[in-house]
Every structure is written in C-alpha cells, then in structure tokens.
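Observations on chain architecture
Residues per chain are reported as follows:
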Amino acid sequence: MPYKEYFKAATEALIVVDRKGHIVEVNRAAEQLFGYLEREFVGQPIELLVPEQFREFHSNHVENYFVAPRTRAMGRGLNLAGRRKDGSEFPVEISLTYASGTQHGDLVVAAIIDISQRLALEQEMRRAETLTSLGTLAAGIAHDLANPLQVIRSRAELLFELPDETPATEMREDHASIRRQAERAGTIIDEFLQLSRQRKMVLAPVDINELVDRALLLIGDQIRKGRINLETRLDRTLPEITGDATALERVLINLLVNARDAMPQGGTVTVESGLLTEQGQWLLLSVADSGPGIPAEALGKVFNLLYTTKASGSGLGLWLSRRIIQEHSGKIEVESEPGKGATFRIRLPVAVGDTA
Ligand SMILES: Nc1ncnc2c1ncn2[C@@H]1O[C@H](COP(=O)(O)OP(=O)(O)O)[C@@H](O)[C@H]1O
Ligand SMILES: [Mg+2]
C-alpha cells in the first residue's frame, strides 16, 4: 500500500508537524480522535491539541526536539494529555517519528493513542487488589483482636465467680488486666482505621529534598541514637514534582525505620536523590543500608501485605509505601545482596510531558 494510503487508513491517529510546530497533515483517525476536520487542523500550531496548562511546556518541548530529533516515545510513563475540539481532555501516549528533508522540510509524525480505557482498567485492577488486600488485612486484624478478647473474657469470668464479699483489692489485678487488654484491642483497631481510611491524595508541587530534610528532622535523632551513621547525597538542583507530600514523607519514614530495624548493632544509611533521564525524566530517591540485606527468596515478598519477619512487625509499611508510589505513577524496587545491605529505590515522574 502506498505510504499515503497507509497514512490515511491507519487506525492510530497520525499528525504530521513541521519544525515550527505547525500541523501539516492528519489522518482520519486523528480527525475522529480530536473532533476537528482536516482543514481545521492544517496550518494550526500543534498546541491546539494540548490542554491549556501544558501549552507553554509543550512548545518548549517542540523547539528542543528539533535540536536533537530522534524517533522515540514521548514522555513514556508520564501523564500526557490531549484536548478535543469540544474542550474535553483525555490521556494519551505519543510516539514521535522523525523524517528529515521532505518537501515540507524536516517533519515529525506523531502517533497518538487514547489510553483512557487502559488507565481505567489499571485503576480498576488496583482497586480490586486493594479489596483483596483489605480482606487479608481484616483476617489479620481479627486474629490480632482474638488474643486480648480472650484474656478479657476469661478475667471477667473469674471476677464473676468470686463471692460477693471479695475485697476490691483482690480484684484489682483482674481489672487492670482487662483494662490493658482493652487498650491493646483499641490500638489494633486504630491502626486498622488509619490504614483503611481512604484519604484523598492532596496533590501539590513537592520538593523531594525538602521532604528528605523534614523526614530526617522527624526521625534523624532516633536513627543516630542506634549508632547509625546517616549520610545524604542530595541533588539540590532537582525540579519539583507533583505529589502528596504527607504520603511521600510517610514512605520515606517507613524505609528509614526499616533500615534502622535491620541494623540493631548500628551501620550506615544513605539517602540519595537524583534525576534519571531514561525515557523521560524521573526523580530518583533511594534509601540504602549496610545491614544484613534480604535473602533472595524473600525479595519478592517484602511488599506483600502483612509480610513481616519481625516479632513486633505489622507487615504494613512496605505494602502501603508501594501503593502510595503507584498512586504517583511511580515505581519502588528493592535490591539486596545478602550480607551487603538493602537498597530501596523510588522513581517518580517529574512532570507532565518531558523535555528530553
Ligand atoms: N532495610 C531492610 N533490610 C532487611 N530487611 C528488610 C528491610 N526493609 C524491609 N525488610 C523486610 O521486609 C519486611 C516487611 O517490611 P514492612 O512492610 O515495613 O513491615 P515491618 O517493618 O512491620 O516488618 C520486614 O519485616 C523485613 O523482613
Ligand atoms: Mg516497616
């Protein structure tokens, strides 16, 4: 099939753009996707199809692109959006193909896919996972509650059996025990409520280094007290990201507390921040310790709900941390060589779009 035919009939929306960022040609799928007719597209700046809040960013992007043009995915994993003629917006994935020296000069063909369905499906899967996880969690809670309730019941029965004239002093120990166990049950329920409360994410610009500073201010002393040497290697030139600072701080604290728990004899914890420019821009935040590390067979389990190897662990920390990072469209991974410590690495998308 001649190129022209292929172009017109492709099921992907294709838009050809010149060096100045003007639309040269579009296919039918693009007309359908954006709701414009071909003649309404042609000659218009490509920003026509970009939601207002990303326009400036996008035009810089186009300029930068032609400085070092190459065929690639645009801002993979980041949240790119398109804007229809009626003003509605939708999430997209875009790949760019570069064609130099055509009759219209240097051109870029942008192939655009509407990914709203895929995103909805992913969200649905995450929700389903949460529900199953909450089921597991509920089973764990029920199990934890059974103990204090058992104690309360047996002590209450003992008290009930006592003769009427028993002096209060003899019952004190039973009363105290009932109170202790009731408090314990209350704590378990509180923790569960905190966890299951669907707190809405509060998105705002976040400076990751500030977040590290704050977390260290909160628990730095506690960590140093355990003869742990705290080192930071922070790239102070990092751009801000969009995220929920409270939730992200919680992730960092979880990782720091785990590092501390892993090194009861002391050691070193290194917190590092940096920029990663593979396929778009990612912010990297890592917490590495010099503890015993994680055995290979446990590596795949540490993020599981209720997985813990500690006598008084909850097995909630890493599970929750991973959820929070996923909600930021990021990734959290662990790497460990037994005997050489563990490193938890977080990647977060820098912004909508990219400037690579
Ligand atoms: N830095 C670390 N070094 C070694 N093991 C770790 C580290 N961080 C986490 N783990 C392992 O992962 C498990 C799960 O961690 P987490 O979800 O935070 O729950 P908890 O801390 O309550 O056990 C821990 O019990 C431990 O076995
Ligand atoms: Mg933990």
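Residues numbered from 1 in each chain as written. Chains lettered and ligands numbered in written order. Predicted model: local features only at pLDDT ≥ 70, side-chain atom pairs only at ≥ 80, totals over all residues. Heavy atoms only, no water.

**Focus on the domain arrangement of the protein chain**
For the protein chain, the assigned domains are domain 1 (3-114), domain 2 (119-196) and domain 3 (204-349). Once you take the C-alpha centre of each, domain 1 and domain 3 turn out to be 38 Å apart. (Domains from an automatic or database assignment.)

**Quick look at the side chain of Thr270**
Assignment of secondary structure puts Thr270 in strand 10 (residues 267-276). In this structure Thr270 comes out as buried when scored by relative accessible area, which is 13%. Contacts of Thr270, omitting those with residues within four sequence positions, involve Glu231, Arg233, Ser286, Val287 and Ala288. (Helix = DSSP H or I, 4+ residues; strand = E, 2+ residues; numbered from the N terminus. Buried < 20%, exposed > 50% of the residue type's maximum accessible area, 1.4 Å probe, protein only. Contact = heavy atoms within 4.5 Å.)

**Notes on the packing of aromatic side chains**
For the structure on display, the rule yields four aromatic pairs. By the ring-pair criterion, three or more aromatic residues cluster together here, those being Phe34, Tyr36, Phe41 and Phe90. Sitting above the plane of the Trp282 ring, Arg347 keeps its charged end 5.3 Å from the centroid. (Phe/Tyr/Trp six-rings, centres within 6.5 Å; stacked < 30°, edge-to-face > 60°. Lys NZ or Arg CZ within 6 Å of the ring centre and 35° of its normal.)

**Examining the pattern of salt bridges**
Where charged atoms from two side chains of opposite charge approach closely, those side chains can pair. Summed over all chains, the structure comprises 17 salt bridges. The salt bridge involving Arg118 is made with Glu93; its shortest N-O contact spans 3.1 Å. In this pair, Arg118 is assigned in helix 5 (residues 116-161) and Glu93 in strand 5 (residues 89-102), connecting sequence segments 25 residues apart. One salt bridge in this structure joins Arg236 and Asp213, with 3.3 Å as the shortest N-O distance. Of the two residues, Arg236 sits in the loop between strand 8 (228-233) and strand 9 (241-243) while Asp213 sits in helix 7 (residues 208-225), which places them 23 residues apart along the sequence. Residue Arg236 is classed as exposed on the basis of its relative accessible area of 54%. In this structure Asp213 comes out as partly exposed when scored by relative accessible area, which is 35%. What you see here is one network of salt bridges that share partners, running through Arg155, Glu173 and Asp174. (Salt bridge = Lys/Arg side-chain N within 4 Å of Asp/Glu carboxyl O.)

**Considering the site of ligand 1**
Taken together, 17 residues lie around ligand 1, and Asn258, Asp289, Thr308, Thr309 and Lys310 are the ones closest in. Contact distances for ligand 1 include 2.4 Å between an oxygen atom and a side-chain N or O atom of Thr309. Within the contact set of ligand 1, an oxygen atom lies 3.5 Å away from a backbone nitrogen or oxygen of Gly317. For ligand 1, whose free accessible area comes to 530 Å², the fraction covered by protein is 91%. Elements supplying a minimum of two residues to the shell around ligand 1: helix 8 (245-262) and helix 10 (317-327). (Near = heavy atom within 4 Å. Polar contact = N/O pair within 3.5 Å; in protein donor to acceptor, adjacent residues only side chain to side chain. Areas by Shrake-Rupley, 256 points an atom, 1.4 Å probe, with all protein chains shown as cover.)

**Quick word on the sheet that holds strand 12 (residues 331-336)**
Read across the open sheet, the five strands follow the order 8-10-11-13-12; overall the sheet is mixed. Lying at the two open borders of the sheet, with one neighbouring strand each, are strand 8 and strand 12. Here the strands of the sheet are splayed against their neighbours by 15 degrees on average, with no regard to which way each runs. The sheet contact formed by strand 10 and strand 11 (residues 282-289) spans eight bridges and is antiparallel. By the bridge assignment for strand 11, Ser273 is matched with Leu285. Here helix 8 sits on the sheet and contacts strand 8, strand 10, strand 11, strand 12 and strand 13 (342-349); the angle it forms with strand 11, its principal contact strand, is near 25 degrees. (Pairing = 2+ DSSP bridges. Axes fitted to C-alpha atoms, helices over the stretch in contact; angles between N-to-C directions.)

**Here's the deal with unusual backbone geometry**
Backbone geometry follows two general trends: most residues other than glycine have a negative phi, and most peptide bonds adopt the trans configuration. Of note, Arg227 is a non-glycine position whose phi angle comes to about 55 degrees, a positive value. Here Arg227 shows up in the loop between helix 7 and strand 8. Unlike most non-glycine residues, Ser329 shows phi in positive territory, near 55 degrees. Its relative accessible area of 31% is what places Ser329 among the partly exposed residues.

**A look at the pairing of strand 6 (residues 105-114)**
Of all 10 residues in strand 6, seven are buried, a share of seventy percent or more. Where strand 1 (residues 13-18) lies against strand 6, six bridges are found, and the strand directions are antiparallel. Its bridge partner being in strand 6, Ala13 is matched across the sheet by Ile112. One ladder, built from nine bridges, connects strand 5 with strand 6; its direction is antiparallel. Looking across to strand 6, one finds that Ser95 is bridged to Ala111. Between strand 5 and strand 6, which pair antiparallel one after the other, the connecting turn spans two residues.

**Points about the side chain of His328**
Turning to its location among the elements, His328 is positioned in the loop between helix 10 and strand 12. For His328, a relative accessible area of 7% corresponds to the buried category. Only 2.9 Å separates the side chain of His328 from the backbone oxygen of Ile324, close enough to count as a polar contact. Setting aside residues up to four positions removed in sequence, His328 forms contacts with Met201, Thr242, Gly243, Asp244, Leu248, Leu348 and Pro349.

**What to know about the environment of Ile115**
Structurally, the position occupied by Ile115 is in the loop between strand 6 and helix 5. Spatially, the C-alpha atoms of Ile115 and Ala10 are 17 Å apart, while their sequence positions differ by 105 residues. Excluding residues within four positions of it along the chain, Ile115 makes contact with Pro91, Val92 and Glu93.

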